[in-house]
Amino acid sequence: MSDITVLVLDDHEVVRRGICDILDRADGITVVAEASSVAQATRRADAVRPQVILSDLRLPDGTGLDVIQHVREKLPDTRVVVLTSYDDDDAKAAARSAGADVFLAKTASSAEVLQAVKDAATGREHGQHIDVHEDDMLSRLTPMERRVLTLVGQGLANREIATELGIAEKTVKNHVTSVLAKMGLQRRTQVVAWATARRAQSFRG
């Protein structure tokens, strides 16, 4: 079975080289091109026709959305893995709508980077979007933090959560702070957005 061919797109050289090193060390994966801009990526993708493009969303001459659009038009067999952050919900939603196949958190481990590329290359049905880092992130939450996360996601205020769980409001606030830190978020509105997207994804599934 031939190696999975990958193009890595990120304008930060240290990040790009780090990802390339991870991929190049893995069996069954070969980095066939690198790019630091939309223009470079589209030109080199057309030339090498990689199976997977791993792309940052924010680039100096455009965004990863431009790359996704080009791929969907010119390279329909190429899959796109998008590097994303949990504090960038709007960009993530836009990438999902544009046709991104897999999302990969920028805090992902080496194993998760490899898994993201492999998941994308298997040709999952278009529209089946996964978040490689999500299960690992949730596993770091305590049972109580998960309950708090669920209730915050439903739009409840701290006082309402305290009543629901039978704990002090100050304790709820501490749990919310911990949940935000572990999820890499800054505001509880982002938790609500995350929960809404998760429910929508489960409904589609």
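Scroll up a little and you will see the structure.
Note that the structure is predicted; figures quoted are calculated from it, not measured.

J.: I'd like a rundown of empty space enclosed by the protein, residues and numbers included.
T.: In this structure the tally under the stated criterion is one cavity of 30 Å³ or more. Of the pockets and cavities examined, the largest cavity occupies roughly 40 Å³. Along the walls of the largest cavity sit V148, L149, V152, V176, V179, L180, R188 and V191, which together make up its complete lining. Secondary structure elements with two or more residues in the lining of the largest cavity: α7 (143-153), α9 (169-183) and α10 (188-204). Its residues assigned to classes, the lining of the largest cavity comprises seven nonpolar, no polar and one charged.

J.: So what's going on with the pattern of salt bridges? Residues and values would help.
T.: Applying the stated rule across the entire model yields six salt bridges. Between R79 and D101 there is a salt bridge, and its shortest N-O distance comes to 3.2 Å. Of this pair, R79 sits in strand β6 (residues 79-84) while D101 sits in the loop between α4 (89-98) and β7 (102-105), and the two are 22 residues apart along the sequence. Comparing R79 with D101 shows no difference in burial state: the two are buried. Across the pair R159 and E169 runs a salt bridge, and its minimum N-O distance is 3.8 Å. Taken together, the residues span a long stretch of sequence, with R159 in helix α8 (residues 158-165) and E169 in helix α9 at a distance of ten residues. The exposure class of R159 is exposed, given its relative accessible area of 60%. When salt bridges with common partners are traced through the structure, they connect R16, R17, D21 and E34 into a single cluster.

Reading the values: rules and limits
- Residues numbered from 1 in each chain as written.
- Predicted model: local features only at pLDDT ≥ 70, side-chain atom pairs only at ≥ 80, totals over all residues.
- Heavy atoms only, no water.
- 1 Å grid on protein atoms, 1.4 Å probe; cavity = no way out; pocket = protein on both sides within 12 Å on 5 of 7 lines; lining within 4 Å.
- Points joined across faces, edges and corners; volume = space filled by probe spheres on them.
- Helix = DSSP H or I, 4+ residues; strand = E, 2+ residues; numbered from the N terminus.
- Nonpolar A, V, L, I, M, F, W, Y, C, P; charged D, E, K, R; others polar.
- Salt bridge = Lys/Arg side-chain N within 4 Å of Asp/Glu carboxyl O.
- Buried < 20%, exposed > 50% of the residue type's maximum accessible area, 1.4 Å probe, protein only.

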